[in-house]
Each structure stands twice: as structure tokens, then as C-alpha cells.
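Here's the letter readout for the chains.
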Amino acid sequence: MDYYMNSAGISHPCIREYEVDTVTDLFKGCVVTLSSGKAKRAAEGDTVLGILAEDYKVEKDELNHRAGAGKVKVIVSPGTVCIEKAPEFDVVTAGDANTLNVSGIPMPSVANALAGGFVKLVSKPETSANKDCVGNVRRITASSGAKLTVEQGGASQPGDRYAVIPPAGYSYLAITGDGIGFATTSSKNEKVVFAHPENASFEIGFANTFFN
């Protein structure tokens, strides 16, 4: 996940340095909160301080004066908008001209939560009978758990790989365990503010931040 711009369209981020509280290495793009005056990796539901502007190594390194220094640079631009790569999955159960069966990605059970989003065919085996070309994008017209109804096109086949790009307004997202991205989930948290189907990515705005 990377900083993209803030809600005013400013692409140059505001960066501040904070003391850091961590026993494990953290990586650029990690979502952090404040705890006892220090930045630490955020968990779902935390008020977001921002995202790391750099990697942070816990162990001191004479070749890197920032490592083990106890301070880290954080992007704290108010109204931060980040860009995230869309989740991908390999088809296990074939679909048809209007149906795509998602596997291996947590999906919201709420009906039509992904309606208005997109799927993009990322790759397919040479033996695939899918008539769509790699790179083909189709709009999601309805969703029910792992079953997506999409605009008419090629029938997905086992081994085909798709990206699922949620629509603007989608909010079933949760911070991943490493803190550097978001995954689809069954409960509402952060929000998608813009979709980039051609690039298989989407923009995220944080629901609860210190600087909003």
C-alpha cells in the first residue's frame, strides 16, 4: 500500500517523526496508530495516525543509522488516500458467461456488497477454454458471498486468475496481519474512495484518523 494523495488532491505527503513501539520490523506503508505517545502497528478498529514513510528495523545497523534508533517517519497528511493492489484468486470452480466463483478470499455475505465493482482476468493457462483475453475487465452487477454476477463474457475455468476490484463506497475491508495492506472482510471498516479496474487497484480512505 502506498500514499497516493490527500482528499485535497495534494500528492506530496506531510511527514512527521515519532517514537516507535515495536519488537518486530515494520515496513513502508504499514498502518500505525498512537499508543502512550508512540507509533505502533495498528489493528482493526484503532484510530489511524498514518502510514510509515520508511521501513523500520529493530536491530541496530552501523550501515543504517535509522535502524534501532527508536524513531520512525510517518505520513500524517489529513484525509490521506492510499492506493492498494486488488486481491487476486485462482478459479477452482468454473463459472459461466455471467457468473464468477471466488475462492481463497474472504467475501462479505451482504447481498450486492461488490455490485458496481470489477473483475479483471490476470492470467489463464494455455489450455483454458475461457474466451476472454488476459487483461479483460468486466463489471460486477450483483454479488452474493463468493458468487459474483458479472457482465456477459467468457466462462471462467479452473486455473484462471482474476483480480477483484471493489467499487467506490465499498467498506468491507480490514487491515492485514502485517499492517501494510487491506483484505476483504465480512464487516464494515475502511472505505474505498475510487477504483482503478484497468490497473487492478483501488484507493482507500481511513474511516477514523487522528488528523481528520
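These lines cover the structure that appears in this document, whether it is placed above or below. Owing to the predicted nature of the structure, the values given are computational and were not obtained by experimental measurement.

## Things to note about the pairing of strand β12 (residues 147-150)
So, point 1. Only one face of β12 is buried, namely the one carrying L148 and V150, since none of K147 and T149 on the opposite face is buried.
So, point 2. When strand β9 (residues 99-101) meets β12, the two strands line up antiparallel, connected through 3 bridges. Residue T99 lies in a different strand from β12, and its bridge partner there is T149.
So, point 3. Taken together, the 4 bridges between strand β11 (residues 137-144) and β12 define a ladder with antiparallel strand orientation. Bridging from a neighbouring strand, I140 pairs with V150 of β12.
So, point 4. Hairpin connection from β11 to β12: 2 residues lie between these consecutive antiparallel strands, with G145 at a positive phi of about 60°.

## What to know about unusual backbone geometry
So, point 1. Its identity is not glycine, yet N112 carries a phi of approximately 65°, on the positive side.
So, point 2. Among the secondary structure elements, N112 is positioned in the loop between β9 and β10 (118-123).
So, point 3. Look at N112 and you get partly exposed, because its relative accessible area is 42%.
So, point 4. Phi is positive for A200, close to 50°, though the residue is something other than glycine.
So, point 5. Relative to the elements of secondary structure, A200 occurs in the loop between β16 (191-196) and β17 (201-205).

## As for the sheet that holds strand β8 (residues 88-90)
Sheet strands associate in pairs through backbone hydrogen bonding, adopting either a parallel or an antiparallel arrangement.
So, point 1. The strand order β8-β13-β10-β11-β12-β9 describes an open sheet built from 6 strands, whose pairing is antiparallel. The two strands at the open ends of the sheet, each matched to only one other strand, are β8 and β9. Taken over all neighbouring pairs, the strand axes of this sheet differ in orientation by 40° on average, direction set aside.
So, point 2. Examined bridge by bridge, β8 and strand β13 (residues 161-165) share 3 bridges and lie antiparallel to one another. Within β13, the residue paired with F89 across the bridge is Y162.

Rules behind the numbers
Residues numbered from 1 in each chain as written. Predicted model: local features only at pLDDT ≥ 70, side-chain atom pairs only at ≥ 80, totals over all residues. Heavy atoms only, no water. Buried < 20%, exposed > 50% of the residue type's maximum accessible area, 1.4 Å probe, protein only. Helix = DSSP H or I, 4+ residues; strand = E, 2+ residues; numbered from the N terminus. Pairing = 2+ DSSP bridges. Axes fitted to C-alpha atoms, helices over the stretch in contact; angles between N-to-C directions.

It is worth stressing that arrangement in space is one thing and function is another; only the former is reported here.
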